Amino acid sequence: MARMAAAVMVVAVMAAAVLAGGARAQLMEGFYMHSCPQAEKIIKEYVEQQTPSVPGIAATLIRTHFHDCFVRGCDASVLLNATGGNEAEKDATPNLTLRSFKFIDRIKAIVEKECPGVVSCADILALAARDSVVAIGGPSWSVPTGRRDGTVSIKQEALDQIPAPTMNFTELLQSFQNKSLNLADLVWLSGAHTIGIAHCNSFTERLYNFTGRGGPQDADPSLDKVYAAHLRQPNKCPTPTDNTTIVEMDPGSFKTFDISYYRNLLKRRGLFQSDAALITDAASKADILSVVNGPPDFFFKVFAGSMVKMGAIEVKTGTEGEIRKHCAVVNKH
């Protein structure tokens, strides 16, 4: 109950925390108020206009923002193309299914026309992720701005630092703690799986080859048997090698930002091993129960608070990095 009572203030508290210490001190709401006063309005309106015609854009923008922040901080390094034969973050397996790069490029082009060389790709990504969730009826949160864009993007760093769908609870928690996020942040940010889709090859090992013996009898015992059989249907993931078919991450509710993801976890119907892992820890499970049994807006508030924290991971500000003219390439100097 104490956590629920505190949740009302969590977004404001997290936003204030962004202003404390180090480079984060230079992040602030309304950073572009004078340098590009229409920037946030332009981003919001574009997202609102496009969301109805771009299915799943909220899910992919949230995922892109998350993957960006977990590697070199929230500096838009995930948006950079490979150069000189060196593969970039977007070439790493976790990022191959991100479908937001062109969407961000289009926003950047519009903002650049309004205010050349002023608004960073990192801020555009952070704002667009928030605005897309709001556009589908999800929560809003504070997005202090002033991030600068990084100039380095390395494939191996993405492979090493982005949490994998096969991780157990200990591995997941360590991954989040490495980025100054805590157990509650792990639980709340995982709630983004309430929207979006996943490719079969990211979880079919749970259906066919969990111990290495192979076949449908070798399924992950932590996965509900009825749900596993449903996922093995011909129109879902009928073979262990399917790498093209997609399925809903939150069956029946994958377009709606709600708590059904957590309800499914309690029924052992989380799609990934990393989802199932959340109910293997007592404190994590207690947080999930607090969402499922709490007031309707509780999840929105705690998710928003954790998004503010995530959006401040290792940000570059001041004279660090640069303001890219094109999100996919560093500026020529």
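Residues numbered from 1 in each chain as written. Predicted model: local features only at pLDDT ≥ 70, side-chain atom pairs only at ≥ 80, totals over all residues. Heavy atoms only, no water.

Under an unreviewed UniProt entry, the name given to the protein chain is Peroxidase, and the organism recorded is Urochloa decumbens. Taken verbatim from the UniProt record of the protein chain, the Subcellular location (unreviewed entry) comment is "Secreted". UniProt, in its Catalytic activity (unreviewed entry) section for the protein chain, records the words "2 a phenolic donor + H2O2 = 2 a phenolic radical donor + 2 H2O". (UniProt positions renumbered as here; feature names shortened; annotations may be inferred.)

Residues annotated in UniProt with the feature "binding site: substrate" (unreviewed entry) correspond here to Pro163. Its place among the elements puts Pro163 in the loop between α6 (155-161) and α7 (169-177). Judged by relative accessible area, Pro163 falls into the buried class, the value being 15%. In contact with Pro163, other than residues within four places in its own chain, are Phe66, Phe70, Leu172, Ser175 and Phe176. (Helix = DSSP H or I, 4+ residues; strand = E, 2+ residues; numbered from the N terminus. Buried < 20%, exposed > 50% of the residue type's maximum accessible area, 1.4 Å probe, protein only. Contact = heavy atoms within 4.5 Å.)

Turning to the nonpolar core, a few remarks are in order. The biggest cluster of nonpolar side chains holds 75 residues, and the ones touching the most others in it are Ile107, Trp141 and Tyr262. Per element, the largest residue contribution to this core is nine residues, and it comes from helix α5 (residues 121-135). In this structure, Tyr227, Leu231, Val247 and Met249 belong to the second largest nonpolar core, which totals 14 residues. (Core = buried A, V, L, I, M, F, W, Y, C linked by side-chain atoms within 4.5 Å.)

This part is about the pattern of salt bridges. Inspection of the entire model under this criterion finds 14 salt bridges. Two residues, Arg213 and Asp218, come together in a salt bridge whose shortest N-O distance is 3.7 Å. Residue class for Arg213 comes out exposed when judged on its relative accessible area of 65%. With relative accessibility at 2%, the residue Asp218 sits in the buried group. (Salt bridge = Lys/Arg side-chain N within 4 Å of Asp/Glu carboxyl O.)

Summed over all chains, the structure comprises four disulfides. The residue that forms a disulfide with Cys36 is Cys115, at a sulfur-sulfur distance of 2.1 Å. For the disulfide bridge between Cys36 and Cys115, the dihedral angle about the S-S bond is near 85 degrees, and by the sign convention the bridge is right-handed. Highlighted residues: Cys36 in the loop between α1 (2-18) and α2 (39-50) and Cys115 in the loop between α4 (101-114) and α5, separated in sequence by 79 residues. In this structure Cys115 comes out as buried when scored by relative accessible area, which is 8%. Here Cys69 is linked by a disulfide to Cys74, with a sulfur-sulfur distance of 2.0 Å. Because the sign of the S-S torsion sets the handedness, a value of about 120 degrees for the bond joining Cys69 and Cys74 places this disulfide among the right-handed ones. Residue class for Cys69 comes out buried when judged on its relative accessible area of 0%. Note on Cys74: relative accessible area 1%, which makes it buried. When the cysteines engaged in disulfides are numbered in sequence order, the protein chain pairs them as 1-4, 2-3, 5-8, 6-7. (Disulfide = S-S within 2.5 Å.)

Right, let's get into the packing of aromatic side chains. Throughout the structure, instances matching the rule amount to 15 aromatic pairs. Aromatic side chains Trp188 and Phe298 sit 5.9 Å apart centroid to centroid with 80 degrees between the ring planes, which places their arrangement in the edge-to-face category. Here Trp188, found in helix α8 (residues 183-190), pairs with Phe298, found in helix α14 (residues 298-310); they are 110 residues apart in sequence, far enough to count as distant. Phe298 shares its class with Trp188; the two are buried. Members of the aromatic cluster, each reached through a chain of ring pairs, are Trp141, Phe257, Tyr261, Tyr262, Phe299, Phe300 and Phe303. Stacked on the ring of Phe101, the Lys or Arg Lys90 has its end atom at 4.3 Å from the ring centre. (Phe/Tyr/Trp six-rings, centres within 6.5 Å; stacked < 30°, edge-to-face > 60°. Lys NZ or Arg CZ within 6 Å of the ring centre and 35° of its normal.)

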